[in-house]
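# Tertiary structure, described
These are the residues of each chain, in order.
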Number of protein chains: 2
Amino acid sequence: MATVLAVGSVAYDTIETPTARRERQLGGSASYFAVAATPVVSVRIVGAVGEDFRQADLDLLRDRGADVEGIARRPGRTFHWAGRYHDDLIERDTLATELGVFADFAPEVPASWRDTPYLFLGNIHPALQLRVLEQMRRPRLVVTDTMNFWIAGQRAALRSVLARSDVLLVNDSEARQLSGRRGLAEAAAAIQALGPALVVVKKGEHGAILFGRTGLLAVPAVLLPSVVDPTGAGDAFAGGFLAHLAAAGADSGSDDTPFRVAMLHATAVASFCPQGFSVEGLLAADPPARAARLAQLRAMMTP
Amino acid sequence: MATVLAVGSVAYDTIETPTARRERQLGGSASYFAVAATPVVSVRIVGAVGEDFRQADLDLLRDRGADVEGIARRPGRTFHWAGRYHDDLIERDTLATELGVFADFAPEVPASWRDTPYLFLGNIHPALQLRVLEQMRRPRLVVTDTMNFWIAGQRAALRSVLARSDVLLVNDSEARQLSGRRGLAEAAAAIQALGPALVVVKKGEHGAILFGRTGLLAVPAVLLPSVVDPTGAGDAFAGGFLAHLAAAGADSGSDDTPFRVAMLHATAVASFCPQGFSVEGLLAADPPARAARLAQLRAMMTP
């Protein structure tokens with residue numbers, strides 16, 4: 001089985017929706033990524049948690065097929081984010097961000113993991129993403145996520161990361177912010193000029209667009225009858241995306257074909273995430289359910 | 001050549017964008033519909049204009065292949081809408097709505113036109129749409145447009161129109177308003193229960209979704225390098241949609257296939273509309289340009 005290394009947050013989230021509230025549920029980019037990717041590939045997680053982190057949550061990730069030896073337990077509290085979703089279950093307000101042990105997180109890739117062929121750089125400080133890149137030995141494929149906060153405040157470090165990335169995942173407003181261009185095709189081209197040969201622009205309920213070397217692919221989102229908790233869907237998308245690429249043996253020199261197919265897997269897997277709190281929606285989706293959703297997505301795209 | 005009858009506004013629009021201003025340019029739902037549809041089918045327009053309406057604009061529609069004998073010239077002024085687009089060229093403010101002769105427009109379908117097989121009911125008062133339906137002799141296919149204003153204020157008349165429509169075209173917020181459902185698939189199903197076997201939900205720059213009898217099709221919008229004036233794109237979409245269906249000989253008993261293909265034609269044709277003021281973008285798109293854009297759209301949808 002192919003192996004992917006994921007660096008990112010392992011966190012506790014307190015989530016309020018119009019109808020429910022969940023306190024300190026398992027969250028964080030590396031958690032969502034790993035649960036989305038693990039049935040297909042094995043995932044090595046590099047992260048940090050505090051003394052309050054529950055053994056049951058480590059067990060959940062391990063039982064799923066993730067290697068959690070790279071999750072350092074440190075004195076202090078686990079990174080905690082609290083947010084409240086609006087009625088549309090899209091807009092949200094941040095109620096609290098307590099960095100805890102994440103405040104001085106300095107990722108350390110275990111020596112035996114440094115030749116992992118596939119690397120996911122979750123949305124953390126670009127200087128830390130760079131630190132991980134420097135520890136790795138020539139990964140076959142580097143997929144990077146980032147956010148508006150780093151684009152605004154850490155542009156130089158982010159550019160160094162982009163220069164060494166094969167794929168950048170961003171949402172539409174981040175693509176515009178990073179490039180200074182309004183049109184998404186022009187924004188993607190400007191980002192490609194900074195390094196990544198491929199740019200994926202995520203648009204939430206409106207789907208995602210891959211800008212590749214030789215063309216683009218627009219994939220709609222699966223229409224869901226109801227949304228429980230949309231937190232983590234972007235990271236689950238990344239997990240489905242890189243899992244397919246790793247399973248297919250793609251690398252930075254591949255043509256666009258495996259990346260186009262990976263967009264479908266990413267969208268199909270991510271669609272389970274909002275159907276439950278925390279990683280529950282993803283955990284409930286067994287391989288037949290995933291295959292059915294992939295077929296549903298293909299039918300939605302076929303005239 | 002197949003023939004389509006279109007009922008709607010023939011108007012003058014004063015448009016302000018962040019970089020330009022155009023005064024009293026040709027607009028209105030029937031105009032955009034006709035210019036989009038006419039290279040493929042012939043269009044009979046039923047509408048009304050005032051004494052100020054320029055002969056050159058009638059000539060433009062006629063030269064394009066539209067039959068304008070159903071456009072009544074009445075004492076008074078042509079319907080005039082003025083709007084200002086925001087920087088994103090999506091949001092807009094209405095600056096003026098002067099109904100003019102449109103205030104007491106009562107569509108009268110010429111006797112020789114009443115057996116036209118394909119009918120487009122543009123976005124006018126549902127009572128007037130109903131009046132047209134009552135004048136027609138069993139059209140093969142009825143495609144209906146409406147808007148938030150009629151959904152809020154003329155629900156009973158609108159329901160009578162929907163009961164006799166095969167396809168309803170609405171945008172996403174209108175679909176939610178009409179159905180009272182947030183999920184688009186649930187909203188479309190609720191609308192289908194009111195009459196139309198097919199519902200097209202338009203999402204602007206995010207594309208459009210067809211909800212058919214046996215499945216759905218999501219079509220992305222073509223990505224444009226720049227937008228000049230987005231006015232009329234929805235009516236151009238309707239023109240491209242119904243033109244393909246009429247050319248293909250579809251009727252209310254057809255399976256979903258021609259409607260799915262019509263979504264591509266509609267999207268490809270509509271994409272030219274925002275590239276110029278008034279109907280200029282549509283006029284500039286010759287058949288090879290349309291075919292190239294259709295191919296571009298198919299490539300965007302093919303993994």
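The following paragraphs examine the structure supplied in this document. (Residues numbered from 1 in each chain as written. Chains lettered and ligands numbered in written order. Predicted model: local features only at pLDDT ≥ 70, side-chain atom pairs only at ≥ 80, totals over all residues.)

### Quick notes on the overall build of chain A
Note the threshold: Labels follow the DSSP assignment, with helices taken as runs of H or I lasting at least four residues and strands as runs of E lasting at least two, numbered in each case from the N terminus. The reference for a compact globule is 2.2 Å times residues^0.38; the radius of gyration itself is calculated from the C-alpha atoms. Once C-beta atoms are placed from the backbone, each residue is buried if 20 or more other C-beta atoms lie within 10 Å of its own, exposed if 12 or fewer, and partly exposed for counts between those two.
Within chain A one finds 11 helices and 14 strands. The C-alpha atoms of chain A give 18 Å as radius of gyration, which agrees with the globular expectation for 303 residues (19 Å, within 12%). In terms of principal-axis extent, the alpha carbons of chain A reach across some 50 × 45 × 40 Å. Looking at chain A residue by residue over its 303 residues, the buried ones come to 52%.

### Some remarks on the relation of the copies chain B and chain A
Turning one copy of the chain about an axis and sliding it along that axis gives the other copy, so a rotation and a shift relate them. Here is the rule: C-alpha atoms of residues with pLDDT of at least 70 in both copies form the basis for the least-squares superposition of the copies.
For these two chains of identical sequence, chain B goes onto chain A by a turn of 180° and a shift of 0.0 Å along the axis, with RMSD 0.0 Å. Both copies are brought into coincidence by an operation consistent with a two-fold rotation axis.

### Considering the pairing of strand β3 (residues 21-27) of chain B
All names here are of chain B. Heads up, the condition is: Each pair of strands is called paired provided DSSP finds at least two bridges between the two strands.
Alignment of strand β2 (residues 11-16) against β3, held across five bridges, turns out to be antiparallel. When the sheet's bridge partners are listed, E16 is paired in β3 with R21. The hairpin turn running from β2 into β3, its antiparallel successor, is four residues long.

### A few points about the sheet that holds strand β2 (residues 11-16) of chain A
Residues and elements named next belong to chain A. This is how it is decided: For helices, the fitted axis covers only the stretch in contact; all axes are lines through C-alpha atoms, and the angles between them, taken along N-to-C directions, range from 0 to 180 degrees.
Strand order in the open sheet formed by four strands is β3-β2-β7-β8, and the pairing between neighbours is mixed. For this open sheet the edge positions go to β3 (21-27) and β8 (92-98), each flanked by a neighbour on one side alone. Pairwise comparison of adjacent strand axes, ignoring direction, gives a mean angle of 20° for this sheet.

### Remarks on the nonpolar core
Soluble globular proteins: nonpolar side chains tend toward being buried together. Filter applied, for reference: Joining buried Ala, Val, Leu, Ile, Met, Phe, Trp, Tyr and Cys residues through C-beta atoms within 7 Å gives a set, and that set is a nonpolar core. Here, residue contact means that the backbone-derived C-beta atoms of the two residues sit within 7 Å.
If you look at the biggest cluster of nonpolar residues, it comprises 195 residues, and the most contacted ones within it are A:V4, A:I45, A:L242, B:V4, B:I45 and B:L242. Those residues in contact with A:L242, other than ones at most four positions away along the chain, are A:V4, A:A37, A:Y118, A:F120 and A:V143.

### Regarding unusual backbone geometry
Residue and element names in this part refer to chain B. With a phi close to 55°, L89 is a non-glycine residue in the positive phi region. Tracing the backbone shows L89 in the loop between β7 (80-85) and β8 (92-98). Residue L89 is classed as partly exposed on the basis of its C-beta count, with 19 C-beta atoms lying within 10 Å.

### Description of the sheet that holds β8(B)
Residues and elements named next belong to chain B. An order of β3-β2-β7-β8 is seen for the four strands of this open sheet, with the pairing classed as mixed. Each of the sheet's edge strands pairs with one partner strand only, and the pair in question is β3 and β8. When strand polarity is set aside, the average angle formed by the axes of neighbouring strands in this sheet is 20°.

### Describing the interface of chain B and chain A
Under the convention used in this document: All amino acids are sorted into three groups, where Ala, Val, Leu, Ile, Met, Phe, Trp, Tyr, Cys and Pro are nonpolar, Asp, Glu, Lys and Arg are charged, and the leftover types, Gly among them, are polar.
Counting from both sides, the interface comprises 22 residues of chain B and, opposite them, 22 residues of chain A. At the level of secondary structure, the elements contributing two or more residues to the side of chain B that touches chain A comprise α7 (184-192), β14 (216-219), α9 (257-270) and α11 (287-300) of chain B. Within the side of chain B that touches chain A, the residues separate by chemical class into 15 nonpolar, four polar and three charged.

### Notes on the packing of helix α8 (residues 233-247) of chain B against α9(B)
All names here are of chain B. Let me state the cut-off plainly: Geometric relationships in this document are graded by angle, where less than 35 degrees denotes roughly parallel, more than 145 denotes roughly antiparallel, 65 to 115 denotes roughly perpendicular, and other angles denote oblique. Here a crossing is taken to be left-handed if its near helix is turned anticlockwise relative to the far helix by less than a right angle, and right-handed if that turn runs clockwise.
Axis separation between α8 and α9 bottoms out at 7 Å; the angle between their running directions is 140°. As the angle between them shows, α8 and α9 are arranged oblique. Relative to α9, α8 is oriented so that their crossing is right-handed. Between α8, through A233, A236, F237, G239, G240, F241, H244 and L245, and α9, the contact on the second element is made entirely by P258, F259, V261, A262, H265, A266, T267, A268, V269 and A270. When grouped by side-chain class, the residues that make up the contact of α8 with α9 number 13 nonpolar, five polar and no charged.

### Considerations on helix α3 (residues 126-135) of chain B
Residues and elements named next belong to chain B. Our working rule: The arc in question is the one traced by the directions running from the helix axis out to the C-beta atoms.
Of the residues making up α3, those classed as buried are P126, Q129, V132 and L133. One side of α3 holds all its buried residues, which, seen down the axis, span an arc of 115°. Residues of α3 that are buried sit in contact with β1 (3-7), β9 (118-121), β10 (141-145), α4 (148-153) and α5 (155-163).

### A closer look at helix α2 (residues 55-64) of chain B
Residues and elements named next belong to chain B. Listed in full, the buried residues belonging to α2 are D57, L61 and R64. Taken end-on, α2 shows its buried residues confined to a sector of 65°, consistent with a single buried face. Exposed positions of α2 whose direction lies more than 90 degrees from the buried face are Q55, A56, D59 and D63. In this structure, the buried residues of α2 make contact with β3, α1 (29-37), β4 (42-49) and β5 (66-67). Just downstream of α2 lies G65, where phi reads positive at about 115°.

### With respect to the environment of B:G253
Among the structural elements, B:G253 can be located in the loop between α8 and α9. Sequence spacing of B:G253 and B:L141 is 112 residues, and the spatial spacing of their C-alpha atoms is 8.9 Å.

### Side note on the environment of A:L169
Residues and elements named next belong to chain A. On the secondary structure map, L169 appears in strand β11 (residues 167-171). Judged by the 29 C-beta atoms lying within 10 Å of it, L169 falls in the buried class. L169 sits 41 residues away from L210 along the chain, and the two C-alpha atoms are 9.3 Å apart. Excluding its chain neighbours within four sequence positions, the residues that come into contact with L169 are V143, D145, V200, K202 and A238.

### Remarks on the environment of A:F105
Residue and element names in this part refer to chain A. Summarising the element assignment, F105 is placed in the loop between β8 and β9 (118-121). Along the sequence, F105 and L128 sit 23 residues apart, while their C-alpha atoms lie 8.4 Å from each other. Other than its neighbours up to four places away in sequence, F105 contacts A48 and L128.

### Things to note about the pairing of β10(B)
All names here are of chain B. Here β10 lies mainly inside the structure; five of its five residues are buried. The alternating pattern of β10 places L141, V143 and D145 on one face and V142 and T144 on the opposite face, and all of these are buried. Two strands pair when backbone bridges link them, and β9 and β10 are joined in this way by four bridges, in the parallel orientation. In the strand pairing of β10, Y118 is matched with L141.

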